[in-house]
Structure formats: structure tokens, C-alpha cells
Amino acid sequence: MKWAGWMMAAGGLALVSGPVMAASLSSKERARVARAAPRDRDDVRYCLLQAKKGRDKGTVIGAAGGAGVGALAGGSLGESLLAGAAGAVAGRVIGKSEGTNSACDRVLARNP
């Protein structure tokens, strides 16, 4: 059981370190910023970064929550990892919509 605990902790650490490195825009997102109206470029860049942070944060929280529930429910290592993966997917979907506010939604809709 000690080995399984260490493995889950290492997996959680790997998930937490990912969002720290995801602070830049992809080439597709940079092209979207370049296509935006000149007065909206800073807002589009900000909103895209906020959406990315929300997705990443949701992924980490979902994975930790799923793995924690799987471990507390008395599941094996595989079951806990599967619960963590399902939680990560659900957290990413939820975080994607919760990462931005209505002002960002309007700016991004105005600049496709």
C-alpha cells in the first residue's frame, strides 16, 4: 500500500507542474490575436490566457478529486488512477467554460 501511495503522489505532482509551464499561447491562438481588431488585441490575448489557465486548473482539480475519491472509496491503484483520469477530463470541460467571464466571452465572440 505504501508503494501505491507514493505512485499517486508522484502522479499528482506531475499534474500540478503542468499548468506552470502552460503560460504561452499556441501558434493558432497567436494568429487569432493577430487577426483581432487593433483595439481588441490585448483583450483577446488576456482572455485566451485566462481560458487556458481555467482549463489547466480544472484539469488538476478534477484529477486530484477523482484520485482522492477513488483512494477513499478503497479502490485499487488502477481504479484510483482511472477515477483520476475521469476527474481530469471532467475538470477540463468544466474549467474551459469557467475560465473566462462575460466580458471575455464578448471579446472572443467579436474576434473569431
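For the structure itself, consult the block above.
Reference entry: report on the structure contained in this document. None of these values were measured; they are calculated from a predicted model.

How each quantity is defined
Residues numbered from 1 in each chain as written. Predicted model: local features only at pLDDT ≥ 70, side-chain atom pairs only at ≥ 80, totals over all residues. Heavy atoms only, no water. Helix = DSSP H or I, 4+ residues; strand = E, 2+ residues; numbered from the N terminus. Buried < 20%, exposed > 50% of the residue type's maximum accessible area, 1.4 Å probe, protein only. Areas by Shrake-Rupley, 256 points an atom, 1.4 Å probe, with all protein chains shown as cover. Core = buried A, V, L, I, M, F, W, Y, C linked by side-chain atoms within 4.5 Å. Contact = heavy atoms within 4.5 Å. Arc of directions from axis to C-beta. Polar contact = N/O pair within 3.5 Å; in protein donor to acceptor, adjacent residues only side chain to side chain.

### What to know about the overall build of the chain
And step 1. The secondary structure content of the chain amounts to 5 helices and 0 strands.
And step 2. In sequence order, the secondary structure elements of the chain are arranged as α-α-α-α-α.
And step 3. Taken over 112 residues, the chain has a buried fraction of 29%.
And step 4. Within the structure as shown, the chain displays about 7400 Å² of accessible surface, and the carbon and sulfur contribution to it stands at 66%.

### Things to note about the nonpolar core
And step 1. Formed by Leu 25, Val 33, Ala 36, Val 44, Cys 47, Leu 48, Cys 104, Val 107 and Leu 108, the largest nonpolar core amounts to 9 residues.
And step 2. Counting only elements with at least two residues in this core, the list comes to helix H3 (41–72) and helix H5 (102–110).
And step 3. Residues contacting Leu 108, with those up to four places away along its chain left out, are Arg 32, Val 44, Cys 47 and Leu 48.

### With respect to H5
And step 1. Within H5, burial applies to Cys 104, Val 107 and Leu 108. For H5, the angular spread of the buried residues around the axis is 95 degrees, confining them to a single face. Opposite the buried face of H5, at more than 90 degrees from it, the exposed residues are Arg 106 and Ala 109.
And step 2. The elements touched by buried residues of H5 are helix H2 (27–35) and H3.
And step 3. One side-chain oxygen at the N-terminal end of H5 lies 3.3 Å from the backbone nitrogen of Ala 103; it belongs to Asn 101.

### Focus on the environment of Lys 57
And step 1. By the secondary structure assignment, Lys 57 is in helix H3.
And step 2. You can call Lys 57 exposed: its relative accessible area is 57%.
And step 3. Measuring from C-alpha to C-alpha, the distance between Lys 57 and Gly 95 comes to 6.8 Å, with 38 residues separating the pair along the chain.

By themselves, these are just geometric observations and shouldn't be taken as functional.
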